[in-house]
Amino acid sequence: MSRTLPLIALSLLVACGQDPSVRPLRPDSPPEEVGSTKSGKADGFDWGNGCEAGSGTFSQRIDRNKIVGVGTIPAGMVNVSISLRCGEDVDVQLYAADGTALVQWPDGRLNGPGEQRLDYQGVTIIYSGYNGIDGELGHESIRVKGKTASELTMKAYGYAAGDATVDYSWDAADDCEEGGSGEFVQAIQKDAVVDVGVIPAGISNVEIELESAVDIDIQLFDGNTIVVGWPNGLLNGADEATLEHAGVKVTYSGYNGDGTGTGNEFIRIDGTLTRPLMMKVFGYESGQATVRYRWGKKDEAPITAEVIFAPMERHETKVIALITAAEHSLDIAMYNLSDYKVIDALKRAVARGVAVRFIFHKAQADAKAPEGSRSSKLEDAGVDVRFVTKSKIMHHKFMIVDGPRGGADGTLLLDRATTGTLVTGSGNWAGGLHDENTLFLSGVAELTMLYQAEFNELWSNSHDFVWKEFAYEAAVVVDPALIPDDPHTAALFTTANFRTNIYFTYQSGSTAVVEQIVAELMQAERSITIASGHMRLPQIYEALVQLKTDKPDLDIRVYVDGQEFTRGVYGDYYAYPLHQAGIPVRFKYYAYRWDYTYAPQMHNKTFVIDGERLITGSYNLSYNAETKSFENMVVLSGAAFQPLIDEYEADFTRLWNTDEEGDKLATLTQSITNASLIPLVFSPMALTHPQVVALKELIEENCPAADRDSPEFDSDYKANPSRHKVCPRAE
């Protein structure tokens, strides 16, 4: 018989095998949650160390009309499969870390009777449905395909009381590394060197302590190189010291010991070893030493993601703070720099020993007349300036602070991929009133490595700005195998369109960046917002029109700079065709005739997809950016970046609604109609295409000298617009 009465009216337990076509009703008040099972061997899931595949089973008591905690699925788990089987009808539930109901009847994102799927934070969640597996009520499953980005919590609701069997399994994570520890006793001989053991390549973060009642000295060898050892080691002093070697950081206690005795010394190795190291010990006396060691992946530095939106806030202030805090290195690729405070900060960084490399687009032109140029001022400050091929535009605006650039021995400093800071975005270090964004990321190893690879490639194929003498430091080639693969981060570079040589030859037909952007756009289900200075790529236009056709309910909004306005179809300007296609387009409009000398441009280059995926960087939506410029874009998603993505969405809304009440437009219209001097440059507004057309026609009516189609047209208005910010009213 079908279930038609509220559970609170039932006096009998509901057995399996009843008609599943009608969902039982919930009690009027929210069901009580009777407990939350924590993961662990005694209760709930036991995930082991998470590095190896595994499985398990346990029994879970289910109470009638109650929600019981089953356990948690930690972040970093891969391909988790959970089956819950009960002799009575139960429903499994799954919640995100923020409390979002992912699987739950009736309010979860998955809540149906049959199998359903949900893409969430880089994983696919597959739910059997509340009718159960093969129609067996009380036998439900949840599968999580992919690697979890954040903790998930599983619960169960009982339509009847009973005991459930929970079976679960998971796969090994490719990038997971086990840790461990150990201890043994080593015999020490007087005036002799004895082998302690080999520290193999591939393990990370090694700590070794030797404790002995007799005076001993630790030694560490990399082949024939003495890394630690008195008197000829790279580290050979009495006190604690650190150096970078072979991509790791080695710290030695010093031969005076750790402060508790000359027989108590230690070595710490931070980072992942790329080749084996041999540890030995020298005895000034005979005796024994206890060797204690441990290794393993440390807790990664937390991801920090911050954005500054200009002109409300100056991103140069944050940039200067990062330069001031730099300890080791700065690698900078910058289209334009005119902020003297940034140059002063770089000078101070060099003075305290920070190694600074600067790829500067303007150095191309400065090389023709170097004296007094910005490039020469940078080199006077101790910054090594170079530029890439003259036939391309170096349009990047990024900096890597204390990153993995490479040590003096030609190896990358891999541990700094996580601890370093990446700065990128659309903003030059030049002040101004442009709408632009600068992104600050740390703890994001994949992106830091990818941008380091980009910088090193440009540096290796750059030209010297000849002003000061600098010893050329060759850049380390970044092996792609060393770059982590994070499903929530990616980077796009137009260098993929060029054959790498000193001239960076464009490969005809290659459009690597726009292809990836289009692929991201085509996955949109709910919304797309685009804030861009330009809209001149047919691939973007065609993708948006196709999406509008295939998914008419998709919310697409495009905000572009006023220079993209045309009254009709014109060349490769696609803002008007998008408007024709019914896609909402607004223009940041601030002048009758655009001119860079006074334009507070819409200088962002940003996409937000479904409110959950961000693409941003230096890449203008133009053929020139794709084929003649060095550009970058980051792609971010997942829980760690969601607050950041929300900020970008909020900023788009702010821009989209500029002069939402129309007060500026009304005041401008009145001035054009009545004032003796008609404004041709004015406060920015977000205007639709029809609004811009009406505004331009009103200006032309009252100032025919500015209208090139008028018999009264004065060509100087077009040739020198900066001279004509107002127009005397025609008599």
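Quantities reported herein were computed from a predicted structural model and do not represent experimental measurements.

**Regarding the packing of aromatic side chains**
- Applying the stated rule across the entire model yields 27 aromatic pairs.
- An aromatic cluster is present here, built from Phe45, Trp47, Phe58, Tyr168 and Trp170 joined pairwise through their rings.
- Arg357 extends its terminal NZ or CZ atom over the ring of Trp459, reaching a point 5.4 Å from the ring centre.
- Here the guanidinium or amino end of Lys696 rests over the ring plane of Tyr592, the centre of that ring lying 4.2 Å away.

**Comments concerning empty space enclosed by the protein**
- Tallied over the full model, the rule gives five cavities of 30 Å³ or more.
- The calculated volume of the largest cavity comes to roughly 70 Å³.
- What lines the largest cavity is simply Phe309, Asn437, Thr529, Ile530, Ala531, Asn604, Thr606, Val608, Tyr648, Asp651, Phe652 and Leu655.
- Counting residues per element, the ones that place at least two in the lining of the largest cavity are strand 34 (527-532), strand 37 (605-609) and helix 11 (642-656).
- Examining the composition of the lining of the largest cavity, we find that four residues originate from one element, helix 11, more than from any other.
- Residues that form the lining of the largest cavity fall into these classes: seven nonpolar, four polar and one charged.

**Some points on the sheet that holds strand 36 (residues 585-591)**
- The strand order 31-40-38-37-34-35-36-42 describes an open sheet built from eight strands, whose pairing is mixed. Of all the strands in the sheet, just strand 31 (489-493) and strand 42 (681-688) have a single pairing partner and so form its edges. For this sheet the average axis-to-axis angle between neighbouring strands, irrespective of direction, equals 10°.
- By the bridge criterion, five bridges tie strand 38 (residues 613-617) to strand 40 (residues 632-637) in an arrangement that is antiparallel. In the strand pairing of strand 40, Thr616 is matched with Val634.
- The sheet contacts of helix 13 (residues 689-702) involve strand 36 and strand 42, and relative to strand 42 the element is tilted by about 145°.

**Notes on the state of the cysteines**
- Scanning the entire structure with this criterion turns up one disulfide.
- The partner cysteine of Cys703 in its disulfide is Cys727, sulfur to sulfur 2.0 Å. With the S-S bond torsion at 95°, the cross-link from Cys703 to Cys727 turns out right-handed. Of this pair, Cys703 sits in the loop between helix 13 and helix 14 (715-719) while Cys727 sits in strand 43 (residues 726-728), and the two are 24 residues apart along the sequence. Of the two residues examined, Cys703 and Cys727, each falls in the buried class.

**Description of helix 2 (residues 340-351)**
- Its twelve residues place the ends of helix 2 17 Å apart at the C-alpha level, agreeing with the 16 Å of an ideal helix rising 1.5 Å per residue.
- Residues Val342, Ile343, Ala345, Leu346 and Ala349 constitute the buried set of helix 2. An end-on view of helix 2 places all buried positions within 160° of arc, on one side of the element. The outward face of helix 2, more than 90 degrees from its buried face, is lined by the exposed residues Tyr340, Lys347 and Ala351.
- Residues of helix 2 that are buried make contact with helix 1 (315-325), strand 23 (329-334), strand 24 (355-360) and helix 4 (374-380).
- Where helix 2 begins, one side-chain oxygen reaches toward the backbone nitrogen of Lys341, 2.8 Å away; that side chain belongs to Asp339.
- Just past helix 2, the residue Gly353 takes up positive phi, approximately 100°.

**So, the nonpolar core**
- Counting 54 residues, the largest nonpolar core has Ile540, Leu544, Val558 and Leu695 as the members making the most contacts within it.
- Sequence-distant contacts of Ile540, defined by excluding residues within four places in its chain, comprise Val514, Ile517, Val518, Leu521, Met535 and Phe607.
- Counting 38 residues, the second largest nonpolar core, distinct from the first, contains Val68, Val92, Tyr130 and Val144.

**Things to note about the pairing of strand 28 (residues 421-425)**
- Among the five residues of strand 28, five are classified as buried, and the element is accordingly described as predominantly covered.
- Side chains of strand 28 alternate between two faces, with Thr421, Val423 and Gly425 and Leu422 and Thr424 buried alike.
- For strand 27 (residues 397-401) and strand 28, the ladder comprises three bridges, and the chain directions are antiparallel. Counted as the bridge partner of Val401 is Thr421 from strand 28.
- Sheet topology note: the strand 28/strand 29 (residues 436-442) ladder contains five bridges and is antiparallel. Paired with Val423 across the two strands is Phe440, which belongs to strand 29.

**Regarding the environment of Pro484**
- Structurally, Pro484 is set in the loop between strand 30 (463-464) and strand 31.
- Distance from Pro484 to Tyr623, taken between C-alpha atoms, is 31 Å for residues 139 residues apart in sequence.
- Ignoring sequence-local partners within four residues, the contact set of Pro484 consists of Ala445, Glu446 and Met449.

**Considerations on the confidence of the model for the protein**
- Confidence in the prediction of the protein, expressed as mean pLDDT, is 90, and 92% of residues score 70 or more.
- Counting interchain partners and residues more than four positions distant, the pLDDT-below-50 stretch residues 36-43 has 16 contacts.

**Concerning the sheet that holds strand 24**
- With mixed pairing, eight strands are arranged side by side in an open sheet as 22-29-28-27-23-24-25-30. Either end of the sheet is taken by a strand with one partner, and the two such strands are strand 22 (304-310) and strand 30.
- Judged from the six bridges that link them, strand 23 and strand 24 form a sheet pairing that is parallel. By the bridge assignment for strand 24, Met334 is matched with Phe360.
- In this fold helix 1 packs onto strand 22, strand 23, strand 27, strand 28 and strand 29, with an angle of close to 25° to the strand it touches most, strand 29.

**A word on the environment of Tyr541**
- Relative to the assigned elements, Tyr541 resides in helix 8 (residues 538-550).
- According to the relative accessible area criterion, Tyr541 is partly exposed, its value standing at 22%.
- Here the alpha-carbon distance between Tyr541 and Val518, two residues 23 residues apart in the chain, equals 9.7 Å.

**Section: the side chain of Asp651**
- Examined against the element boundaries, Asp651 turns out to sit in helix 11.
- The exposure class assigned to Asp651 is buried, which follows from its relative accessible area of 7%.
- Sequence-distant contacts of Asp651, defined by excluding residues within four places in its chain, comprise Phe309, Met312 and Asn604.

**With respect to the packing of helix 7 (residues 512-521) against helix 8**
- One can describe the packing of helix 7 onto helix 8 by two numbers: an axis separation of 10 Å at closest approach and a directional angle of 10°. Compared by their axis directions, helix 7 and helix 8 come out roughly parallel. Each of Val514, Ile517, Val518 and Leu521 in helix 7 lies in contact with helix 8, whose residues at this interface are Gln539, Ile540, Ala543, Leu544 and Leu547.
- In terms of residue class, the contact of helix 7 with helix 8 is built from eight nonpolar, one polar and no charged.

**Observations regarding helix 1**
- For helix 1, the complete set of buried residues consists of His315, Glu316, Val319, Ile320, Leu322 and Ile323. End-on view of helix 1: buried residues confined to an arc of 160°, all on one side of the axis. Along helix 1, exposed side chains directed more than 90 degrees from the buried face belong to Thr317 and Ala325.
- Buried residues along helix 1 sit in contact with strand 22, strand 23, helix 2, strand 27, strand 28 and strand 29.

Procedures and definitions
Residues numbered from 1 in each chain as written. Predicted model: local features only at pLDDT ≥ 70, side-chain atom pairs only at ≥ 80, totals over all residues. Heavy atoms only, no water. Phe/Tyr/Trp six-rings, centres within 6.5 Å; stacked < 30°, edge-to-face > 60°. Lys NZ or Arg CZ within 6 Å of the ring centre and 35° of its normal. 1 Å grid on protein atoms, 1.4 Å probe; cavity = no way out; pocket = protein on both sides within 12 Å on 5 of 7 lines; lining within 4 Å. Points joined across faces, edges and corners; volume = space filled by probe spheres on them. Helix = DSSP H or I, 4+ residues; strand = E, 2+ residues; numbered from the N terminus. Nonpolar A, V, L, I, M, F, W, Y, C, P; charged D, E, K, R; others polar. Pairing = 2+ DSSP bridges. Axes fitted to C-alpha atoms, helices over the stretch in contact; angles between N-to-C directions. Contact = heavy atoms within 4.5 Å. Disulfide = S-S within 2.5 Å. Buried < 20%, exposed > 50% of the residue type's maximum accessible area, 1.4 Å probe, protein only. Expected span 1.5 Å × (residues − 1). Arc of directions from axis to C-beta. Polar contact = N/O pair within 3.5 Å; in protein donor to acceptor, adjacent residues only side chain to side chain. Core = buried A, V, L, I, M, F, W, Y, C linked by side-chain atoms within 4.5 Å. pLDDT = per-residue confidence, 0-100. Parallel < 35°, antiparallel > 145°, perpendicular 65-115°, else oblique.

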